[in-house]
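Each chain, letter by letter, is given below.
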Amino acid sequence: MFDWLTNFYTSIPPVVLMTAYMFAFILVLFVCVAYVTLAERKVIGFMQVRMGPNRVGPWGFGQPIADALKLMFKEMILPTDADRFLFRLAPLLTMIPALAAWAVIPFAEGWNFADINAGLLYILAMTSLGVYGVIVAGWASNSKYALLGALRAAAQIVAYEIAMGFALVGVLMASGSLNLSDIVMAQQGKFFWNWYWVPLLPLFLTFFIAGVAETNRAPFDVVEGESEIVAGFHVEYSGMGFALFFLAEYANIILISALTVLLFLGGWLSPFEGLPLFPAYLLHLPYIGAALSSGPHWFIAKTCFFIFCFLWFRATFPRFRYDQIMRLGWKALLPVTLIWIFVEGILLYIHFPPWFD
Amino acid sequence: MLVQSAVFYFFATTLVIAALAMITVRNPVHAALFLVLVFFTSAAIWLLLEAEFLAIVLVLVYVGAVMVLFLFVVMMLDINIAKIRAGYAKYLPIGVLVSVMMVVEMIVVLNGPAFNLQKPQPKPNDYSNTQELGELLFTEYVYPFEIAGVILLVAIIAAIILTMRKRTDGKRQNPSKQINVNKRDRVRLVSLDKD
């Protein structure tokens, strides 16, 4: 009955199919990003005993679409003496790396666009490119507040990238691979105790803190710092340019959450498989079994938890002072990662069970 | 093969145009951004040579870190472009001479027997550039690799020492002191008479 469908599917050239997949994925990602903005307003609203947006559609579910439409129809204003080309290029420079990094993220075994060997390095390279958008936006706006925001961004992102890179060194020492699928499969074993967040706990915390700083989110959002420098690098932007900066920020939040899950929390692995005292026959039940065993749903669920953490931090912590951010990055996180890489080396050398045997 | 050549020529043309633009544009920030484009396109060409580790590291180190700091500095400078370009015509012959000599030398050296350049052959499917490089660095070249690491470390420490001057006139905070402060150090409770 569906023969013509399968025939049609196999007759599509791979290039067309891949492009279609990419468009579909980017569409889904944009919808996710739009609803993360709603989630942020809702979550922070509930934490502050408010309702959050609740006027557009049921429970405010139409709010992101209304926001997007509003921003699309707004005029993009060019400041006097701004660098016309760079001013328009800057939002794209933040957006493109945030999307490009998703190419190597595996959602389940074999569920990724490019299964490249240097996947982890590729991610690090792409996330480090995001800073250009901020710097170029700050400089091209011809505004002193924007320039100050850009300078803060440059120093902060370069500083935290080092701590982040060292945390990744720990992961690749433990897994022996730069391929993200291999890193997840190396964490497979007994149950959630076997994932890298236990033996690499300091690196896990460092990575996530550095990730929050890399995305310029609260409590590290001095780049925007509305109380000191108005809104930082995007103060001169309006309409779709402004929207692109925000889309990129939320795309990066989802990316960092997904990476934390892949590197330290076993990606798509289920916490129940191999759990002591857990009745194994449950995993073979028709529907419950599929839900309890490994699959992309675990990856998405864990990622959602970290996205929630981002929102939680924003509602909880006051903004750091600039020198305190630098102090934390260089004098606290960096030494922690260096010491733990040394400790991990020893653990690997003696084949410390149950993680490194 | 045709697609590969097309991609190569696309990146090669971009690379040459960006490199030319980098040395001819008037604005230093634009020049720095063109240099970023140069690095990025050369990384793409390395990817075509199946050297993905080198390509990604080039983007990571030069584009992601070095050029960010470059831009950081260049943005802060208030460069008088007219003054810099004043001797342009005067120094042009020397510049041309030096560059022509460099081109000739490069052609001689690269065509020589030492480099033995061949057309790159496609690698087998299971070839991993990362693994090959790692094996070479940690077996055959382990001592040069480690010595280079130590030299770089010394350079880092030297740079920090050179810039670290203890200023006595500046007012700076001591965060550990700030954290360890007590209520008793700051507030003095005084009981006053009622009238």
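As shown above, the structure is provided for reference.
Criteria and thresholds
Throughout, a residue's number is its position along its own chain's written sequence, starting from 1. The lettering of chains begins at A and the numbering of ligands begins at 1, in the order of writing. With the structure being a predicted model, the display of local features is reserved for residues of pLDDT at least 70 and the display and counting of side-chain atom pairs for 80 or more, all residues being used for whole-chain, interface and lining totals. Side-chain calculation: all heavy atoms of the structure are included, whereas hydrogens and water are not. Stacked, tilted and edge-to-face are the three classes assigned to paired rings of Phe, Tyr and Trp, where Trp is represented by its six-membered ring and a pair needs centres within 6.5 Å; plane angles under 30 degrees give stacked, over 60 edge-to-face, the rest tilted. Only DSSP runs of H or I with at least four residues qualify as helices, and only runs of E with at least two residues qualify as strands; both kinds are numbered from the N terminus onward. Working definition: with a 1.4 Å probe on protein chains only, accessible area under 20% of the residue-type maximum means buried, over 50% means exposed, and in between means partly exposed. In what follows, a contact means two residues having at least one pair of non-hydrogen atoms within 4.5 Å. Buried area adds together the accessible area that both of two parts lose upon being put together, with accessible area traced by a 1.4 Å probe. Just to be clear on terms, a salt bridge is a Lys or Arg side-chain nitrogen sitting within 4 Å of an Asp or Glu carboxyl oxygen. N or O atoms closer than or at 3.5 Å make up a polar contact, with two conditions inside protein: a donor-capable atom paired with an acceptor-capable one, and, for residues adjacent in sequence, both atoms drawn from side chains.

Asks: A description of the packing of aromatic side chains should follow, citing residues and the corresponding values.
Replies: Two aromatic rings, taken as a pair, are described by how far apart their centres are and by the angle between their planes. All names here are of chain A. Counted according to the given criterion, the structure contains 25 aromatic pairs over all chains. Here the aromatic rings of Phe 25 and Trp 102 are separated by 5.8 Å at their centres, their planes lie at 55 degrees, and the arrangement is tilted. Residue Phe 25 is located in helix α2 (residues 14-47), and its partner Trp 102 is located in the loop between α4 (84-100) and α5 (119-140); the two are separated by 77 residues in the primary sequence. When the ring of Phe 107 is compared with that of Phe 299, the centres are 5.2 Å apart and the planes differ by 85 degrees; the resulting orientation is edge-to-face. One end of the pair, Phe 107, is in the loop between α4 and α5; the other, Phe 299, is in helix α12 (residues 296-316), and 192 residues separate them in sequence. Neither residue differs from the other here; Phe 107 and Phe 299 are each classed as buried. These aromatic residues form a ring-pair network of at least three members: Phe 204, Phe 207, Phe 208, Phe 264, Phe 305, Phe 306, Phe 310, Phe 313 and Phe 317.

Asks: Requested: an account of unusual backbone geometry, with residues and values cited.
Replies: The phi torsion of most residues other than glycine is negative, and most of the peptide bonds are trans. Of note in this structure, Asn 216 of chain A is not a glycine but carries a positive phi near 60 degrees. Summarising the element assignment, Asn 216 of chain A is placed in the loop between α8 (201-214) and α9 (226-229). The exposure class of Asn 216 of chain A is buried, given its relative accessible area of 7%. Although it is not a glycine, Glu 50 of chain B sits at a positive phi angle of roughly 60 degrees.

Asks: Describe the interface of chain A and chain B, listing the residues and the values that go with them.
Replies: Contact residues are listed per partner, giving 26 residues for chain A and 27 residues for chain B. Taking both partners together, chain A and chain B bury about 2200 Å²; carbon and sulfur atoms supply 78% of that area. It is Tyr 132, Trp 139 and Leu 151 of chain A in chain A that bury the most area against chain B; as a group they hold 26% of the surface buried on that side. Where chain A touches chain B, the interface holds zero salt bridges. Here chain A is connected to chain B by one residue pair in polar contact (both at pLDDT 80 or more). Sorting the residues of the side of chain A that touches chain B by element identifies α5, α6 (144-175) and α13 (322-349) of chain A as the ones contributing at least two each.

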